[in-house]
Amino acid sequence: MPSRAEDEKRRAAEAAAELVQDRTTVGLGTGSTVAHLLPALAERKLTLRCVATSPRTETRARELGIVVEPFEALERLDIAIDGADQVAPDGWLVKGGGGAHTREKIVAAAAERFVVIADSSKPVDAIDSPVPLELHPFGMRATLQALGDVRLRDWPPSPDGGVIADYEGEVGDPAALAERFAAIPGIVEHGLFPAALVSDVVIARGDEVERLAF
Ligand code: 5RP
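Residues numbered from 1 in each chain as written. Predicted model: local features only at pLDDT ≥ 70, side-chain atom pairs only at ≥ 80, totals over all residues. Heavy atoms only, no water.

Colleague: Help me out: how do you make sense of the overall build of the protein chain in this one?
Modeller: Each helix and strand counted, the protein chain has 6 helices and 13 strands in total. Relative to the globule expectation of 17 Å for 214 residues, the C-alpha radius of gyration of the protein chain, 17 Å, shows essentially globular dimensions. Structurally, the protein chain occupies a C-alpha span of about 50 × 35 × 35 Å along its principal axes. Taken across its 214 residues, the protein chain has 50% of its residues classed as buried. On the protein chain, roughly 10,300 Å² of surface is accessible, and the fraction owed to carbon and sulfur atoms is 51%. Each charge class in the protein chain was averaged separately, 23 positive and 35 negative side chains, and the resulting centres sit 4 Å apart. (Helix = DSSP H or I, 4+ residues; strand = E, 2+ residues; numbered from the N terminus. Rg over C-alpha atoms; globule rule 2.2 N^0.38 Å. Buried < 20%, exposed > 50% of the residue type's maximum accessible area, 1.4 Å probe, protein only. Areas by Shrake-Rupley, 256 points an atom, 1.4 Å probe, with all protein chains shown as cover. Lys, Arg positive; Asp, Glu negative; His and termini not counted. Charge placed at Lys NZ, Arg CZ, Asp CG, Glu CD.)

Colleague: What is the right way to read the pairing of strand β1 (residues 24-28) from this model?
Modeller: Along a regular strand, successive side chains alternate from one face of the sheet to the other. Counted residue by residue, β1 has 5 buried out of 5 residues, so it is predominantly covered. Residues Thr24, Val26 and Leu28 of β1 are buried on one face, and the alternating residues Thr25 and Gly27, pointing to the opposite face, are buried as well. Both β1 and strand β2 (residues 48-52) contribute to a ladder of 5 bridges, which runs parallel. Within β2, the position partnered with Thr25 by the bridge is Arg49. Following the chain from β1 across helix α2 (residues 34-44) to the adjacent parallel β2, one finds a crossover that is right-handed. Direction of pairing for β1 relative to strand β3 (residues 77-82): parallel, over a ladder of 3 bridges. When the sheet's bridge partners are listed, Gly27 is paired in β3 with Ala80. (Pairing = 2+ DSSP bridges. Right-handed = clockwise from strand over helix to strand, strands pointing away.)

Colleague: Looking at this model, I keep getting lost on the site of the ligand. Mind explaining?
Modeller: Inspection of the region around the ligand gives 17 residues, with Ser32, Thr33, Asp85, Gly96 and Lys122 positioned closest. At 3.0 Å, a backbone N or O of Thr30 approaches an oxygen atom of the ligand. In this structure, an oxygen atom belonging to the ligand sits 3.2 Å away from a main-chain N or O atom of Gly97. For the ligand, whose accessible area on its own is 380 Å², the fraction buried by protein is 91%. Of the residues that constitute the shell around the ligand, the class distribution is 2 nonpolar, 9 polar and 6 charged. (Near = heavy atom within 4 Å. Polar contact = N/O pair within 3.5 Å; in protein donor to acceptor, adjacent residues only side chain to side chain. Nonpolar A, V, L, I, M, F, W, Y, C, P; charged D, E, K, R; others polar.)

Colleague: I would appreciate a short explanation of the sheet that holds strand β7 (residues 131-135) in the present structure.
Modeller: Strand-to-strand pairing in sheets goes through backbone hydrogen bonds, with the strands running parallel or antiparallel. Strand order in the open sheet formed by 4 strands is β8-β9-β7-β10, and the pairing between neighbours is antiparallel. Two strands lie at the open edges of the sheet, namely β8 (150-152) and β10 (187-190), each paired on one side alone. If you compare each strand with its neighbour and ignore which way they point, the axes differ by 30° on average. Bridge analysis of β7 against β10 gives 3 bridges, and the strand direction is antiparallel. Each bridged residue has a counterpart across the sheet, and for Leu135 the counterpart in β10 is Ile187. Against the sheet, helix α4 (residues 101-109) touches β7 and β10, its axis set at about 65° to β10. (Axes fitted to C-alpha atoms, helices over the stretch in contact; angles between N-to-C directions. Contact = heavy atoms within 4.5 Å.)

Colleague: I would appreciate a short explanation of the nonpolar core in the present structure.
Modeller: As a rule of thumb, soluble globular proteins bury nonpolar side chains together. Grouped together as the largest cluster of nonpolar side chains are 26 residues, with contacts concentrated most on Leu28, Leu37, Ile66, Ile81 and Ile117. For this core, the elements supplying multiple residues, two or more each, are α1 (4-17), β1, α2, β2, β3, β6 (111-119) and β12 (200-205). If you tally residues by element for this core, the top one is α2, at 6 residues. Among residues more than four places away in sequence, those in contact with Ile81 are Ala16, Val20, Gly27, Leu28, Gly29, Val34, Leu37, Val115 and Ile117. The next biggest cluster of nonpolar side chains, apart from the first, holds 21 residues, and it includes Ala88, Met140, Leu177 and Ile184. (Core = buried A, V, L, I, M, F, W, Y, C linked by side-chain atoms within 4.5 Å.)

Colleague: Is there a simple way to think about the pattern of salt bridges in this case?
Modeller: Scanning all chains against the criterion turns up 20 salt bridges. A salt bridge links Arg211 to Asp200; the nearest nitrogen and oxygen atoms lie 3.4 Å apart. Here the residue Arg211 occupies a position in strand β13 (residues 208-213), and Asp200 occupies one in strand β12, the gap between them amounting to 11 residues. Its relative accessible area of 4% is what places Asp200 among the buried residues. Sharing partners across several salt bridges, the network here consists of Asp7, Arg10, Arg11, Glu14 and Asp207. (Salt bridge = Lys/Arg side-chain N within 4 Å of Asp/Glu carboxyl O.)

Structure below.
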């Protein structure tokens, strides 16, 4: 029997799949919540052009008959749907639990509408660490020194060759921390997603699905 969290992920994903319109371009996120989105989307039998944020998502989507193209082939996306690790009341997110946040941020920023799908464990009062990071391997010791409180994940590199790590220090104001990260050249991308990127958050709590518009 699926756990309550799995059930909530499925409900949020199914609600978000209904937001996708026929003959549109769609960004597919990564993670266990998106794993529920893919069959829900495939079931709708729409004509879509999709891009995937990870090889895992790409493989699964293709298995289900969803057309996935390289992102080099598309300029803009009508909609992108993805999970999150933390969702703050003002719409700021932490993403990258699956180490795919660089591609996920590129996809979210290219989408007219970025929809976040989440179970009830994801809303938080305030963004906190860990914040996932993708680091350039060149000069990594210098980058780690500049960052301070960071732990490397015992993971293979990202599909783009980046090293996945987690910032474990103080977060405070996420906008200020995002600026600090942006000023460290060895960080390829960080997992703080500003509220300005987010259009909708679909959160399932038990049987209820709540949709917040930003
Ligand atoms: C992957 C992500 C995921 O969207 C995030 O970690 C949430 O994952 P899940 O849906 O498995 O809880 O950012 O990089």
